[in-house]
Amino acid sequence: MLHATAAPARSAFADELAADFLSAYDGHTLAAYQLDLSLLTRWLAANGLDLLAVTRVDLETWLRWLAIERGNAPATVRRRLASVRRFYRLLAHDGHVRVSPAEMVRLPRRALGAPAERAGLGVTRLELSTMLTAARCAQPVDAALVVLLGLMGLRVGEACSLRVDDALGVEQDHRVIRFVGKGGKPATVPIPPLAWRELAAVIGGRGEGWLLARPGTSAPMNRAAAARILTRLARSAGVDHKVTPHDLRRGFCTAMLDAGVSLRDVQEAGRWADLRMVERYDRRRANLDRHGVYALAAFIAGAA
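Residues numbered from 1 in each chain as written. Predicted model: local features only at pLDDT ≥ 70, side-chain atom pairs only at ≥ 80, totals over all residues. Heavy atoms only, no water.

1. Remarks on the overall build of the protein chain
Piece 1. Scanning the protein chain from N- to C-terminus turns up 14 helices and three strands.
Piece 2. In the protein chain, which comprises 304 residues, the proportion classed as buried is 39%.
Piece 3. If you sum the accessible surface of the protein chain, you get close to 16700 Å²; carbon and sulfur atoms cover 55% of it. (Helix = DSSP H or I, 4+ residues; strand = E, 2+ residues; numbered from the N terminus. Buried < 20%, exposed > 50% of the residue type's maximum accessible area, 1.4 Å probe, protein only. Areas by Shrake-Rupley, 256 points an atom, 1.4 Å probe, with all protein chains shown as cover.)

Shown next as structure tokens:
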């Protein structure tokens, strides 16, 4: 298998192409794409391959290297492939390559496991409930983190960036939380009573400062601290698998769909730009009981 070794210097032109692609992004998205492209260009250089002349097979070999030799998780390998596809689409659009070599790339199934194992539906309704119970027995900031991620669908970076006054808004007689979400887009999310109970406890009498402050300090919680909290809570709740912050957001989506919320409303609640992201979590898709022909037949019969 081709592998990464000490890499020779990358071409200045390759760096210019990468810089042009990255110029459209910022924040965490920019950081992720920078790392993905760096891994690709360094691997290509180490193996004597030209960025503008790679083949589908070359990219599939790179994915196997990521999964097997670098130890990247299945979701990470898929995300890195998505980044590279976007990059090569831009190169094809600008005429630097005739066609994108990444479009027909196949994921390394042996490394990523069966599709069912990669479904990534997040925590279950019962797991979320037991983790919230465990959090209430711990400290207020733990419970506030669980409701923000699992009941309100915030991303972990969004939750960690909240200030106290962000959670004190009122709109249309609803308590709301206002913040700047992914892509710099302003977001307003209503706070259900169950979540407000936990947020009010962590706010206490404060009128300013970080909403999720580290216990005993005024410093904000970060992603690593949030991950450690959820690992501890999952263990306390008897959850027998690793739970990440994003697993709570996935569980938020899956539970809403299981509760009968429409795909469009779930997309709006979770602020997903693409409806296909929501459809991945819909466990009801194969259920013939909800096939549209039954609703249509009932509708037509009512007019007879």
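Here the narrative resumes.
2. Brief notes about helix α3 (residues 56-69)
The α-helix winds at 3.6 residues per turn, so residues separated by three or four positions along the chain end up facing the same way.
Piece 1. Taking 1.5 Å of rise per residue, 14 residues should cover 20 Å, and α3 covers 19 Å from first to last C-alpha, within 8% of that figure.
Piece 2. All buried positions along α3 are accounted for by Asp58, Leu59, Glu60, Thr61, Trp62, Leu63, Trp65, Leu66 and Ala67.
Piece 3. A positive backbone phi angle near 75° is found at Gly71, which sits one or two residues after α3. (Expected span 1.5 Å × (residues − 1).)

3. Points about unusual backbone geometry
Piece 1. Unusually for a residue other than glycine, Gln172 sits at a positive phi of about 55°.
Piece 2. The backbone of Arg271 shows a phi angle near 60°, a positive value even though the residue is not glycine.
Piece 3. Structurally, the position occupied by Arg271 is in the loop between α12 (263-270) and α13 (275-279).

4. Section: the packing of helix α7 (residues 140-150) against helix α10 (residues 223-236)
Piece 1. Two numbers describe how α7 lies on α10: the axes approach to 11 Å, and their chain directions differ by 100°. Accordingly, the angle class assigned to the pair α7 and α10 is roughly perpendicular. Counting all contacts with α7, which are made through Asp142, Leu145, Val146 and Leu149, the residues of α10 involved are Ala226, Ile229, Leu230, Arg232 and Leu233.
Piece 2. Residue composition of the contact of α7 with α10, grouped by class: seven nonpolar, no polar and two charged. (Axes fitted to C-alpha atoms, helices over the stretch in contact; angles between N-to-C directions. Parallel < 35°, antiparallel > 145°, perpendicular 65-115°, else oblique. Contact = heavy atoms within 4.5 Å. Nonpolar A, V, L, I, M, F, W, Y, C, P; charged D, E, K, R; others polar.)

5. Some points on the packing of α3 against helix α4 (residues 74-93)
Piece 1. α4 packs onto α3 with a crossing angle of 150° between their chain directions and a minimal axis gap of 10 Å. Judged on the interaxial angle alone, α4 and α3 are roughly antiparallel. For the element pair α3 and α4, the recorded crossing hand is right-handed. Listed contacts from α4 to Leu59, Trp62, Leu63, Leu66 and Ala67 of α3 are Val77, Arg80, Leu81, Val84 and Tyr88.
Piece 2. Tallied by class, the residues present in the contact of α3 with α4 amount to nine nonpolar, no polar and one charged. (Left-handed = near helix turned anticlockwise from the far one by under 90°.)

6. Here's the deal with the nonpolar core
Piece 1. Counting 44 residues, the largest nonpolar core has Leu148, Ile177 and Leu211 as its most contacted members.
Piece 2. For this core, the elements supplying multiple residues, two or more each, are α6 (125-136), α7, α8 (156-160), β2 (174-180), β3 (186-190), α9 (193-203) and α10.
Piece 3. No other element matches the eight residues that α7 contributes to this core.
Piece 4. Not counting chain neighbours up to four residues away, the residues in contact with Leu211 comprise Leu148, Leu162, Arg163, Val164, Ala167, Ile177, Leu199, Val202, Ile203 and Arg206.
Piece 5. The next biggest cluster of nonpolar side chains, apart from the first, holds 28 residues, and it includes Tyr33, Leu37, Val84 and Leu91. (Core = buried A, V, L, I, M, F, W, Y, C linked by side-chain atoms within 4.5 Å.)

7. Some words on the pattern of salt bridges
Piece 1. On inspection of all chains with the given rule, the structure shows 12 salt bridges.
Piece 2. One salt bridge connects Arg80 with Asp36, and the closest N-O pair in it is separated by 2.4 Å. Of this pair, Arg80 sits in helix α4 while Asp36 sits in helix α2 (residues 27-46), placing them 44 residues apart in sequence. You'll find Arg80 and Asp36 in the same group, each marked buried.
Piece 3. Measuring nitrogen to oxygen at the nearest pair gives 2.8 Å for the salt bridge that ties Glu103 to Arg89. Remark: Arg89 occurs in helix α4 and Glu103 occurs in the loop between α4 and α5 (109-112); sequence separation between them is 14 residues.
Piece 4. Look at Glu103 and you get partly exposed, because its relative accessible area is 32%. (Salt bridge = Lys/Arg side-chain N within 4 Å of Asp/Glu carboxyl O.)

8. Overview of the sheet that holds β3
Piece 1. With respect to topology, three strands assemble into an open sheet ordered β1-β2-β3, the strand pairing being antiparallel. Here the strands that pair on one side only, and so sit at the sheet edges, are β1 (169-171) and β3. Neighbour-to-neighbour, the strand axes of the sheet open up by a mean angle of 45°, direction not taken into account.
Piece 2. Of the strand pairs in this sheet, β2 and β3 are connected by five bridges, and their pairing is antiparallel. Counterpart to Arg178 in the pairing with β3 is Thr188. (Pairing = 2+ DSSP bridges.)

9. Remarks on the packing of aromatic side chains
Piece 1. This structure, assessed with the given rule, holds five aromatic pairs.
Piece 2. Centroid distance Phe21 to Tyr25: 5.5 Å. Interplanar angle 55°. Geometry classified as tilted.
Piece 3. Here Phe21 falls in the buried class, since its relative accessible area comes to 3%.
Piece 4. Ring geometry for Phe21 against Tyr33: centres 5.6 Å apart, planes inclined by 35°, an arrangement best described as tilted. Placement of Phe21 in helix α1 (residues 12-22) and of Tyr33 in helix α2 is noted, with a sequence separation of 12 residues between them. Exposure class is identical for Phe21 and Tyr33. Each is buried.
Piece 5. An aromatic cluster of three or more residues is present, and its members are Phe21, Tyr25, Tyr33, Phe87 and Tyr88.
Piece 6. Seen from the ring of Trp210, Arg163 lies directly overhead, with NZ or CZ sitting 4.3 Å from the centre. (Phe/Tyr/Trp six-rings, centres within 6.5 Å; stacked < 30°, edge-to-face > 60°. Lys NZ or Arg CZ within 6 Å of the ring centre and 35° of its normal.)

Remember that the coordinates give geometry; whether it matters functionally is a separate question.
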